Number of protein chains: 2
Amino acid sequence: MISTREKILNESLDLFAAKGYHGTSMREIAKAVGIKGSSIYNHFSGKEDIFSELFNYLAPLNLESEKFQEKFMAADTDPLKVLNYFANIVIEEMQDNNKVKLLKMMLRENNNPVVKKRLQSRMKNNIERITKFFAQLQQQGKIKSNLEPAFTANEFVSALIYYRMRYLLFELDSFEELKEATQKHICFFWENIREK
Amino acid sequence: MISTREKILNESLDLFAAKGYHGTSMREIAKAVGIKGSSIYNHFSGKEDIFSELFNYLAPLNLESEKFQEKFMAADTDPLKVLNYFANIVIEEMQDNNKVKLLKMMLRENNNPVVKKRLQSRMKNNIERITKFFAQLQQQGKIKSNLEPAFTANEFVSALIYYRMRYLLFELDSFEELKEATQKHICFFWENIREK
DNA sequence: CCTACCGATCGGTAGG
DNA sequence: CCTACCGATCGGTAGG
């Protein structure tokens with residue numbers, strides 16, 4: 001059974017993602033949950049509280065990349081497989097409704113200092129991990145020696161984020177097109193960086 | 001001399017970009033202009049009117065890429081120069097304060113149907129143009145024959161947009177870093193696609 | 001361009 | 001979890 005507190009969080013996420021924080025009222029959230037506006041205050045101290053609690057509520061979703069750190073750095077795995085593995089995580093995120101809504105909300109409210117910090121650290125962490133991965137591949141002589149690992153990581157990630165934006169924000173592509181474009185990018189990119 | 005109407009548009013753009021449409025009140029806009037809230041209605045029929053008039057007011061800024069269409073397609077120009085030329089347009093946009101604010105506002109309010117349409121058509125048009133450019137290069141035997149022009153266009157653009165996002169939205173990079181990364185991307189990308 | 005004002009709605013509280 | 005209510009602020013209007 002889903003608790004009222006959880007219902008409030010779910011409906012808030014939905015509304016904040018679609019209409020923005022200031023575009024959503026407490027009464028709207030309450031109506032979506034099926035209670036009166038004042039009843040929300042039995043579960044949260046205010047609107048800001050709901051917003052910030054959303055990040056704790058959905059925190060487990062944010063840790064995915066750490067789980068795969070060791071996979072990244074396993075020296076013996078096929079590099080192309082690791083790249084595919086990483087891309088699949090990014091894509092599968094897009095099939096998780098809550099994750100999609102959280103991302104949409106964060107992009108909308110990106111001027112909020114808490115949101116900005118989270119977006120920044122998420123981006124930074126991912127780039128750092130992939131940079132290390134490429135640096136290792138270079139030491140092993142598997143990718144071209146003239147590549148800067150950090151630059152390579154950014155170039156790799158740029159298309160993943162771009163295709164995701166097309167799907168998520170601009171709604172220019174279907175989910176199938178997102179998958180296909182990402183797949184193509186990985187093949188193209190790997191061909192360009194691998195030592196032949 | 002700048003008119004009150006223009007002052008209202010400028011201050012609205014500023015506030016909408018920073019705090020969002022719903023996060024900005026008519027009285028806030030008026031205060032920034034230096035008049036009372038009710039006086040705005042001598043220039044605009046309402047808040048929505050200001051928002052939509054912003055696009056007409058800033059329309060000249062949106063036409064840049066059409067001006068350069070012929071430059072793109074001039075068969076004899078050095079392709080690398082054309083790519084650089086395009087990238088410079090993208091970068092120079094980021095030095096125009098109004099352009100930056102407009103983009104921030106549009107990304108914020110991307111769920112607004114008018115905004116969504118504009119973002120989509122802008123993206124589509126750019127991709128179409130660059131696709132034609134790459135198709136032409138391919139016919140001329142200047143880039144690899146196995147490349148799909150549309151895919152190549154998306155891959156080219158993805159990093160430009162990514163580095164811009166880092167600068168604009170995430171504020172991870174300085175303007176200098178934006179320029180440098182974009183420059184590097186073009187060289188790297190061109191080396192990967194050109195027929196040797 | 002202002003003062004004065006409208007009804008509606010906002011986030012939030014009291015008290016049960 | 002509700003009813004009833006708070007002061008503040010919202011977008012907008014009337015009238016000068």
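Residues numbered from 1 in each chain as written. Chains lettered and ligands numbered in written order. Predicted model: local features only at pLDDT ≥ 70, side-chain atom pairs only at ≥ 80, totals over all residues. Heavy atoms only, no water.

As named in an unreviewed UniProt entry, chain A is Regulatory protein, TetR.

Here the focus is helix α6 (residues 79-93) of chain B. The first and last C-alpha atoms of α6(B) sit 22 Å apart over 15 residues, in line with the 21 Å expected at 1.5 Å per residue. Listed as buried for α6(B) are B:Pro79, B:Val82, B:Leu83, B:Asn84, B:Phe86, B:Ala87, B:Ile89, B:Val90, B:Ile91 and B:Glu93. (Helix = DSSP H or I, 4+ residues; strand = E, 2+ residues; numbered from the N terminus. Expected span 1.5 Å × (residues − 1). Buried < 20%, exposed > 50% of the residue type's maximum accessible area, 1.4 Å probe, protein only.)

Contact with chain B, which involves 41 residues of that partner, is made by 40 residues of chain A. Of the roughly 3600 Å² buried where chain B meets chain A, counting both sides, 60% is carbon and sulfur surface. Area buried by chain B at its contact with chain A is led by B:Tyr162, B:Phe170 and B:Phe188, which between them contribute 18% of it. Our count for the chain B to chain A interface comes out at 6 salt bridges. Viewed at the interface, chain A and chain B are joined by 17 residue pairs in polar contact (both at pLDDT 80 or more). (Contact = heavy atoms within 4.5 Å. Buried area = accessible area lost by both parts, 1.4 Å probe. Salt bridge = Lys/Arg side-chain N within 4 Å of Asp/Glu carboxyl O. Polar contact = N/O pair within 3.5 Å; in protein donor to acceptor, adjacent residues only side chain to side chain.)

Looking now at the relation of the copies chain B and chain A. Put simply, the two copies of the chain differ by a rotation about an axis and a shift along that axis. For the match of chain B to chain A, the screw axis carries a shift of 0.0 Å, the RMSD comes to 0.0 Å, and the turn is 180°. Interpreted geometrically, this transformation is the action of a two-fold axis. Among all residues of chain B, the one whose C-alpha sits closest to the rotation axis is B:Arg108, at a distance of 2.3 Å. Interface overlap between copies is the fraction of interface residues in one copy that are interface residues in the other; for chain B against chain A it reaches 98%, indicating a shared surface. (Least-squares fit on C-alpha atoms with pLDDT ≥ 70 in both.)

Moving on, we get to unusual backbone geometry. Residues and elements named next belong to chain A. Notably, Glu 171 is not glycine yet its phi reads approximately 50°, a positive angle. Following the sequence through the fold, Glu 171 ends up in the loop between α9 (149-168) and α10 (175-193). Look at Glu 171 and you get partly exposed, because its relative accessible area is 40%.

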